[in-house]
Amino acid sequence: MSSWLLALTVVEQLRQTGVRRVVLAPGSRNAPLSIALERASRAGEVELHVRIDERSAGFLALGMAKASGDPVAVVTTSGTAVANLAPAVMEANHAGVGLLLLTADRPVSMINSGANQTADQAGLFGNQVRAAVRLSSRTGDVAAWRFQLRHAVVAAQGVRSRQPGPVQVNLAFDEPLMPTDEQLDRPPSWQVDASLPSPPVRLPAGPRTVVLAGDAPPALGRRAHQVAEAAGVPLLAEPSSNARFGRAISSYRLLLGKQELGGEIERVVVFGHPTLSRPVTQLLRRRDVEVVVVSGRAGWADPGFSVQRVVDDVELEPVDEPQRHWFHRWLTADLDLQTRIELAERPENRFDEPPLSGHAVARAVVRATAGGQLVLGSSNPVRDADLAPTDPQLAPATVWANRGLAGIDGVVSTAAGVALATGEPTTCLLGDLTFLHDAGGLWLGTLEQAARLRLVVVDDRGGSIFHTLEQGGEAHAESFERVFGTPHAADIAGLGAAHGWQVAQVELADELRGRLAVPPRGPEVLVVRVSRTDRRAWAQRHAAL
């Protein structure tokens, strides 16, 4: 056996098990796999993307896997390169996204020897992966390697466990690392049957019911919308739920505090992963509310520890006349509140265009991306989008966000992965710190495919979300700016331009809308300067409304 033969077997099994996309971070120990993948790419057998930053490569693969619905492989060399995948692995684990981590390694006999780039990296990701497989060019044969690789892909797909996620395949390559004249025999046929979901459970009418849609892939979001519409119940849909269109209640997180609306809820049917706002968490913690979760996977979300039933799918009996009236009270209150929110952003007696705010930018982006691809960064951008009104006349966007752990890392790379996997113009709304955190995701080699991606960076010169939390209160003002506000003077436009992205800066709403009206034709950075000094006041004003 040889390293070249092991590399050929890996590429063969990627093809046979349907893993078409691979993200590669170059190195020395993964050389045989890199060469085998490059040859397969030229032959049209795999779609190869090369990145020099493993953390960026991991999130690029994550974005592709989210948008395609299929596992994506990411290849690294040995040593610290493997550890740089950890943030993307953790997000993929909690979001249930299939990643195949092909981590090159030195032979086991070199562990603890002090040899260059040698670490005990097998099992490095612990319980963050669905499975961990170890292969060595020194041991086993092609048949054994094929079995282990198929097992790894099936675990990443979740077709048997109904729990997709990341899987590590640690590949110990021995020297020589360059190609030989060895060839593989014809692989045997291969097929695995999926575990099938149960039919929908029909819930009777009676309790005042809302459908709550958290972060969800498009198919699940559309199902949540369909269930709510068919029954005639309020739909409370987070911005990355893919259910936030039609008659979804766009200001639900504020209305949950009204006793005659939120206080009267008796049953919640949950789709997806709802973690965006405290009012939702408080609703799910109420012991007087029946909570039913719809999950097609082995696991389910229960942030309030109150779930009483978990089902694969659900149907609701249509509500009676009193509950239809209750639903229309939600719709009326939502329309009224959205009108007051928009008026509150325009100062009294001011007829010129007011300065842009994070909320205004989010509204413009959500409206402009109707029917397209939208990626939302964590912190304030996704929350600002959560207050943007829905328009029944517009087709909904397909929305993506890293809400498994809701970190700010890797958003630029994730958005690039979505754009490359869909092949469609994609817009990403994110904050300045989120942009800076993934500056490595701006790098693109001159031989690599460029995404049609526009980054709309809301630049408020620091961490504005903390203004709205407890540490943003007057009692902590002396400590706030340095350890929470984290002010900076980074030239965001200059950083984008240095990486070859088309860059523009806007300050007025009309200019913003005009630029958003033209789909991105390549990598673009649109910087929108806003103030963060009034963030806390806006949050309090919204709550008062």
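All figures in this text were calculated on a predicted structure; none of them were measured in a lab.

### Quick notes on the nonpolar core
- Judged by nonpolar contacts, the single largest core of 45 residues is most densely connected at Val 23, Leu 101, Cys 428, Leu 430, Phe 435, Leu 453 and Leu 455.
- Excluding residues that lie within four positions of it along the chain, Leu 101 makes contacts with Val 74, Leu 85, Val 89, Phe 125, Val 129, Pro 166, Val 167, Gln 168 and Val 169.
- Counting 38 residues, the second-largest nonpolar core is a separate cluster that includes Trp 4, Val 11, Leu 149 and Val 153.

### Examining the pairing of strand S19 (residues 524-529)
- Summarising burial for S19: 5 of the 6 residues are buried, a large majority.
- The pairing of strand S17 (residues 453-459) with S19 spans 6 bridges and is classified as parallel. By the bridge assignment, Asp 459 is partnered in S19 with Arg 529.
- With 5 bridges joining them, strand S18 (residues 502-506) and S19 adopt parallel strand pairing. In the strand pairing of S19, Val 506 is matched with Val 528.

### Concerning the UniProt feature "domain: Thiamine pyrophosphate enzyme N-terminal TPP-binding" (unreviewed entry) in the protein chain
- Taken from the UniProt record, the annotation "domain: Thiamine pyrophosphate enzyme N-terminal TPP-binding" (unreviewed entry) applies to residues 10-123.
- Here residues 10-123 runs as 42% helix and 18% strand, with 19 Å between its end C-alpha atoms.

### Considering the pattern of salt bridges
- The final tally for this structure, using the stated rule, is 30 salt bridges.
- Residue Arg 146 is joined to Asp 185 by a salt bridge in which the shortest nitrogen-to-oxygen separation is 3.0 Å. Here Arg 146 is found in helix H6 (residues 142-157), whereas its partner Asp 185 is found in the loop between strand S6 (166-172) and strand S7 (201-203), with 39 residues between them in sequence.
- As a salt-bridge pair, Asp 288 and Arg 286 come within 3.0 Å of each other at their nearest N and O atoms.
- For Asp 288, a relative accessible area of 54% gives the class exposed.
- Each of Glu 12, Arg 146 and Asp 185 takes part in a single network of salt bridges with overlapping partners.

### With respect to the sheet that holds strand S11 (residues 290-294)
- Read from one edge to the other, the open sheet built from 5 strands follows the order S9-S8-S10-S11-S12, with strand pairing classed as parallel. Looking at strand neighbours, the two that pair on one side only are strand S9 (235-237) and strand S12 (309-311), the edges of this open sheet. Neighbour-to-neighbour, the strand axes of this sheet turn through a mean angle of 20 degrees, independent of strand direction.
- With 5 bridges connecting them, strand S10 (residues 267-271) and S11 associate as parallel partners. Within the sheet, the bridge partner assigned to Arg 267 lies in S11 and is Glu 290.

### A closer look at empty space enclosed by the protein
- Applying the stated criterion across every chain yields a total of 3 cavities of 30 Å³ or more.
- By volume, the largest cavity is sized at about 120 Å³.
- What lines the largest cavity is a set of 15 residues, among which Arg 51, Ala 416, Gly 441, Leu 444 and Trp 501 lie closest to the centre.
- For the lining of the largest cavity, the secondary structure elements donating two or more residues are helix H3 (54-68) and helix H13 (411-422).

### Comments concerning the layout of surface pockets
- Computed from the structure, the largest pocket encloses a volume of approximately 1400 Å³.
- Lining the largest pocket are 46 residues, with Ala 95, Gly 96, Pro 164, Pro 217 and Arg 297 sitting closest to its centre.
- Contributing elements (two or more residues each) for the lining of the largest pocket: H3, helix H5 (86-95), H6, helix H7 (218-231), S11 and strand S15 (398-401).
- Looking at the lining of the largest pocket residue by residue, the class counts come to 23 nonpolar, 16 polar and 7 charged.

### Some thoughts on helix H17 (residues 509-516)
- Three or more residues of H17 are buried, namely Ala 509, Leu 512 and Leu 516. Buried residues in H17, looked at end-on, bunch into an arc of 60 degrees, giving them a common side.
- Where H17 is buried, its residues contact helix H11 (358-368), S17, S18 and S19.

### Thoughts on the packing of aromatic side chains
- Following the criterion strictly, the structure yields 3 aromatic pairs and no others.
- Note on Phe 466 and Phe 484: the rings are 5.7 Å apart at their centroids and 50 degrees apart in plane angle, and the pair reads as tilted. In this pair, Phe 466 is assigned in the loop between S17 and helix H15 (477-485) and Phe 484 in helix H15, connecting sequence segments 18 residues apart.
- We classify Phe 466 as partly exposed; its relative accessible area is 28%.
- Aromatic ring contacts, followed pair by pair, group Phe 466, Phe 480 and Phe 484 into a single cluster.

Here is what the cut-offs are and how they apply
Residues numbered from 1 in each chain as written. Predicted model: local features only at pLDDT ≥ 70, side-chain atom pairs only at ≥ 80, totals over all residues. Heavy atoms only, no water. Core = buried A, V, L, I, M, F, W, Y, C linked by side-chain atoms within 4.5 Å. Buried < 20%, exposed > 50% of the residue type's maximum accessible area, 1.4 Å probe, protein only. Contact = heavy atoms within 4.5 Å. Helix = DSSP H or I, 4+ residues; strand = E, 2+ residues; numbered from the N terminus. Pairing = 2+ DSSP bridges. UniProt positions renumbered as here; feature names shortened; annotations may be inferred. Salt bridge = Lys/Arg side-chain N within 4 Å of Asp/Glu carboxyl O. Axes fitted to C-alpha atoms, helices over the stretch in contact; angles between N-to-C directions. 1 Å grid on protein atoms, 1.4 Å probe; cavity = no way out; pocket = protein on both sides within 12 Å on 5 of 7 lines; lining within 4 Å. Points joined across faces, edges and corners; volume = space filled by probe spheres on them. Nonpolar A, V, L, I, M, F, W, Y, C, P; charged D, E, K, R; others polar. Arc of directions from axis to C-beta. Phe/Tyr/Trp six-rings, centres within 6.5 Å; stacked < 30°, edge-to-face > 60°.

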